[in-house]
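# Breakdown of the fold
Spelled out, the chains give:
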Amino acid sequence: MEKGSHSSSTTLARTKSDQLVETLAAAFKSARQSDQQTPPGTSEIGGTLSRKSSKRVMMGASPRRSSGENNNTYIRKSRSAQMKLDLEELSSGAALSRASSASLGLSFSFTGFTVPPDEIADSKPFSDDDIPEDVEARTCKMKFQTEPTLPIYLKFTDVTYKVIIKGMTSCEERDILNGITGAVNPGEVLALMGPSGSGKTTLLNLLGGRLIQSTVGGSITYNDQPYSKFLKSRIGFVTQDDVLFPHLTVEETLMYAARLRLPKVLTRQQKEKRAVDVIYELGLERCQDTMIGGSFVRGVSGGERKRVCIGNEIIINPSLLFLDEPTSGLDSTTALRTIQTLQDIAEVGKTVITTIHQPSSRLFHKFDKLILLGKGSLLYFGKASEAIVYFSSIGCSPLIAMNPAEFLLDLANGNLTDISVPSELEDKVQMENSETETGNGKPPPAVVHEYLVEAYESRVADTEKKKLMAPLPLDDELKSKVSSSKRQWGASWWQQYCILFCRGIKERKHDYFSWLRITQVLSTAIILGLLWWQSDSKTIRGRQDQAGLLFFIAVFWGFFPVFTAIFTFPQERAMLGKERAADMYRLSAYFLARTTSDLPLDLILPVLFLLVVYFMAGLRLSASHFFLSMLTVFLCIVAAQGLGLAIGATLMDLKRATTLASVTVMTFMLAGGYFVKKVPVFISWIRYMSFNYHTYKLLLKVQYQDIMPTVNGIKTDSGLKEVGALVAMIFGYRFLAYLSLRKMQLHCEA
């Protein structure tokens, strides 16, 4: 028995450092003693670990403190070389169980936990079926969905991109990307690294189909097929900025995304269940009822907001997942958990590409492949674990212990501080004029950059391009699916409209019913009621005073909606661009839902306003006259909203839109028929475009139609012309706004 124990210990010692031999031997000895005390009917724990478990040993089992406490299992993943065991060499199931128990005890000895020997002996080896825990939320989370997805192999060869900078007298072309080549397969995480301005985000947008312009060169293929609109439903794209609605909760945000993006074949209950699953997968159940928050609204933390953005994309089970700086603004622990999430996503067969600025050493080792960019040129493409080896082979080695990411970024910036200078570069610099050297004797960054680009092109580039030239071993069915040009909508047009309508009301009800806005409207109504308290419509002076009140009502409810509506599309431009790029809904469904969802909210405050002003000012006390006055104000509000929407959608800039709206509303007010009775012919056409003018005439006709034929020079006829003009403005201004949005969206897609 002692001989067998000695041989097993020798086998394990080959795969671990000498420091662990004595610990393992002691663990085997205690395990054998416990086996002798086991009853005959008790079966021994055996089995084999899966590939994932053998690749990354998972350790857990927190100590039991008391019978009343919850026995939470904390799972700690480690890729440290000293913690890996080659478990495949262990032949018997008993030896496998003891090795797992020994490694568990060793893990907790490093982390400060102590586990009783009997618990170590009873521990089971972990496999893929174990449920990992969300350490931040302190709750168990489910495994990522492993349902089948379309595998997509992404290749890009000699990708170039230029921008045209237009000056006062000339145009200049600037190269952003210069011949970038690479590939990433399902199950891999590709990191795009480089200093600021190196072209990481541009390359990510090109690979994700977000930039399709004539200035793009090279080849980008998906399963050896070019980009098609079908891929929009297979691609998840997480932008650097967290573009979310601040007043929606985490659960509502993911529910609406699921209902809009998941396929039509799924029922509403199935879509909502998927959203709940994603909430638990990402550890967001603790904050699912909390609002997202923003600049003026308190909400979830930065890490939780970033996970909501990731959840918005993985909810569709994408084949390709692109992320732009997913760790920016996060602390090191939250960033590590975010990257670990991406690794879990990739392990179930998805392709993940992310840009990252300066990761920690732990983050860096979680990437499978790496692209290093410098000034738009490719400095390295290959396995992330072999990057240091490659740069050492060309003479650039770190002289001190440093983070691999810091070392690579220093090279990309041309900074050779604490980095060895290649002999070829030293000879080249010495041959040049001494003025080209910096004060510390190091070559200038431009020379270092040129050397790194030439070294990669001469040593690696041709080999990588030959690999990419080989066709993929894929059947024609997979290739034909990718090349399909048919879009896949997750919901019908009517469903999209209903979902967006409900989402719009939930998002904006907080703004419309804020105490500030209610106070503004009611205080104005009370002041008007006091100034025109019980005015007399029987005298000429009284009718003139009431005409002034009616004109102010027409101006107020023409001015107020315009300056509310101009913010609509400029503020939602980022969200609209993001969701339309993912084909979440049709633009027509969004526009109609966005404009109609405002109406119920916009028409509540005018009712309160008129209830106060109408009776305090002593206007005609008749139900028909009151409701006709209300209808006239409603027409004015909807027409003014249309003008604000058109201005905002056309300019898409708040400062310019506010300026144009101020000038327009002031012009309409002056031409409204109260200040100037006789307008010159050459400019009289303006008053017919003024909703203030038509509203003012309608209010006068409602009040005095049966009393007198004219009031202030305005005939009190039926008012059908004014109603027709306001209705034409309602639809005309909105049609102009829709065309402007359509043009903007086409420009974005181009």
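Heads up: the structure comes first, above all this text.
These remarks concern the structure in this document. Here the residue numbers are simple positions, counted from 1 along each chain's written sequence. Local features are withheld for residues below a pLDDT of 70 in this predicted model, meaning they are given only at 70 or higher, and side-chain atom pairs are given and counted only at 80 or more; totals for whole chains, interfaces and linings count all residues. Note: side-chain values were computed over all heavy atoms of the structure, leaving out hydrogens and water.

## Overview of the overall build of the protein
Where helices and strands are cited, they refer to DSSP runs of H or I of at least four residues and of E of at least two residues respectively, numbered from the N terminus. Helices and strands together make up the secondary structure of the protein, namely 28 helices and 15 strands. Going through the 750 residues of the protein one by one, you find that 50% of them count as buried. Taking all contacts inside the protein whose residues are at least 6 apart in sequence as the whole, residues at least 24 apart take part in 73%. Within the structure as shown, the protein displays about 36100 Å² of accessible surface, and the carbon and sulfur contribution to it stands at 57%. Burial status follows relative accessibility: with a 1.4 Å probe on protein chains alone, a residue under 20% of its type maximum counts as buried, one over 50% as exposed, and anything between as partly exposed. It only takes one pair of heavy atoms within 4.5 Å for two residues to be counted as in contact. With residues, only the protein chains shown are counted as cover, and all accessible areas are computed by Shrake-Rupley using a 1.4 Å probe.

## So, the packing of helix α19 (residues 540–565) against helix α25 (residues 654–670)
When two helices pack together, you describe them by how their axes are tilted relative to each other and by the distance separating the axes. Note on method: axes are straight lines fitted to C-alpha atoms, helices fitted across the in-contact stretch only, with angles between N-to-C directions ranging 0 to 180 degrees. Running from N to C, α19 and α25 point in directions that differ by 165 degrees, and their axes come no closer than 11 Å. Considered as vectors, α19 and α25 are oriented roughly antiparallel to each other. The crossing of α19 and α25 is right-handed. Here α19 contributes Phe 551, Val 555, Phe 559, Val 562 and Phe 563 to the contact with α25, which in turn contributes Thr 658, Ala 661, Ser 662, Val 665 and Met 669. The residue makeup of the contact of α19 with α25, split by class, is eight nonpolar, two polar and no charged. An angle below 35 degrees is read as roughly parallel, one above 145 as roughly antiparallel, one from 65 to 115 as roughly perpendicular, and any other as oblique. Crossing handedness follows the turn of the near helix against the far one: under a right angle anticlockwise gives a left-handed crossing, and clockwise gives a right-handed one. Under this grouping Gly is polar, as are all residues other than the nonpolar Ala, Val, Leu, Ile, Met, Phe, Trp, Tyr, Cys and Pro and the charged Asp, Glu, Lys and Arg.

## Considering the pattern of salt bridges
What counts as a salt bridge is simple: a side-chain nitrogen of Lys or Arg found within 4 Å of a carboxyl oxygen of Asp or Glu. If you walk through the whole model with that rule in mind, you get 20 salt bridges. As a salt-bridge pair, Glu 313 and Arg 261 come within 3.1 Å of each other at their nearest N and O atoms. One end of the pair, Glu 313, is in helix α9 (residues 302–314); the other, Arg 261, is in helix α7 (residues 250–261), and 52 residues separate them in sequence. Per residue, the accessibility class of Glu 313 equals that of Arg 261, and both read buried. When salt bridges that share partners are traced, they join Arg 508, Glu 572, Arg 594 and Asp 598 into one network.

## Thoughts on unusual backbone geometry
Its identity as a non-glycine residue notwithstanding, Asp 158 has a phi of 50 degrees, on the positive side. Non-glycine residue Asp 583 carries a positive phi angle of around 55 degrees. For Asp 583, a relative accessible area of 6% corresponds to the buried category.

## Quick look at the pairing of strand β5 (residues 154–166)
We call two strands paired when DSSP finds no fewer than two bridges between them. When β5 meets strand β6 (residues 171–184), the two strands line up antiparallel, connected through ten bridges. Looking at the pairing, Ile 165 lines up with Glu 172 of β6. Note that β5 and strand β8 (residues 216–222) share six bridges and pair antiparallel. Along β8, the bridge assignment pairs Leu 154 with Tyr 222.

## A short note on the side chain of Asn 205
Inspection of the secondary structure assignment puts Asn 205 in helix α6 (residues 200–207). When neighbours within four sequence positions are excluded, Asn 205 is seen to be in contact with Arg 210, Leu 211 and Phe 237.

## Examining the packing of aromatic side chains
In this scheme Phe, Tyr and Trp rings, the latter by its six-membered ring, pair at centre separations within 6.5 Å, and the angle between planes marks the pair as stacked below 30 degrees, edge-to-face above 60, and tilted otherwise. Across all of its chains, the model carries 29 aromatic pairs by this definition. The rings of Tyr 380, Tyr 390, Phe 391, Phe 407 and Tyr 456 are connected pair by pair, giving a single aromatic cluster. The ring of Phe 237 has Arg 210 lying over it, and the distance from NZ or CZ to the ring centre is 4.3 Å. Throughout this description, the term charge over a ring refers to an Arg CZ or Lys NZ atom that lies within 6 Å of the ring centre and within 35 degrees of the ring normal.

## Some remarks on the packing of α7 against helix α17 (residues 493–512)
The N-to-C vectors of α7 and α17 enclose an angle of 165 degrees; their axes lie 10 Å apart at closest approach. Of the possible angle classes, the one that applies to α7 and α17 is roughly antiparallel. Once α7 is placed against α17, the crossing between them reads as left-handed. Residues Glu 252, Tyr 256, Arg 259 and Leu 260 of α7 form the contact with α17, whose participating residues are Gln 496, Ile 499, Leu 500, Cys 502, Arg 503 and Lys 506. Each residue belonging to the contact of α7 with α17 can be placed in one class, and the counts come to five nonpolar, one polar and four charged.

## Topic: the state of the cysteines
By definition, disulfides here are pairs of cysteine sulfur atoms that lie within 2.5 Å. One pass over the structure, following the stated rule, counts zero disulfides. Not part of a disulfide, Cys 502 finds its nearest cysteine sulfur in Cys 498, a span of 6.8 Å. Looking at Cys 502, the relative accessible area reads 40%, which means it is partly exposed.

## Examining the environment of His 247
As for its position among the elements, His 247 is in the loop between β9 (235–238) and α7. Linking His 247 and Val 297, residues 50 residues apart in sequence, is a C-alpha distance of 7.7 Å.

## Some remarks on the environment of Leu 211
Secondary-structure assignment places Leu 211 in the loop between α6 and β8. When the C-alpha positions of Leu 211 and Tyr 161 are compared, they lie 9.7 Å apart, and in sequence the two are 50 residues distant. Here Leu 211 is in contact with Tyr 161, Thr 202, Asn 205, Leu 206 and Val 216, once residues within four sequence places are set aside.

## Focus: a nonpolar patch on the surface
Here, patches come from residues exposed beyond 30% relative accessible area and free of salt bridges, joined within 9 Å for like charges and within 5 Å for nonpolar side chains (Val, Leu, Ile, Met, Phe, Trp, Tyr). A contiguous nonpolar patch, built from Phe 513, Ile 604, Leu 608, Leu 611, Phe 615 and Leu 621 and spanning about 540 Å² of accessible area, is present on the exposed surface. Residue placement: Leu 608 occurs in helix α23 (residues 604–616).

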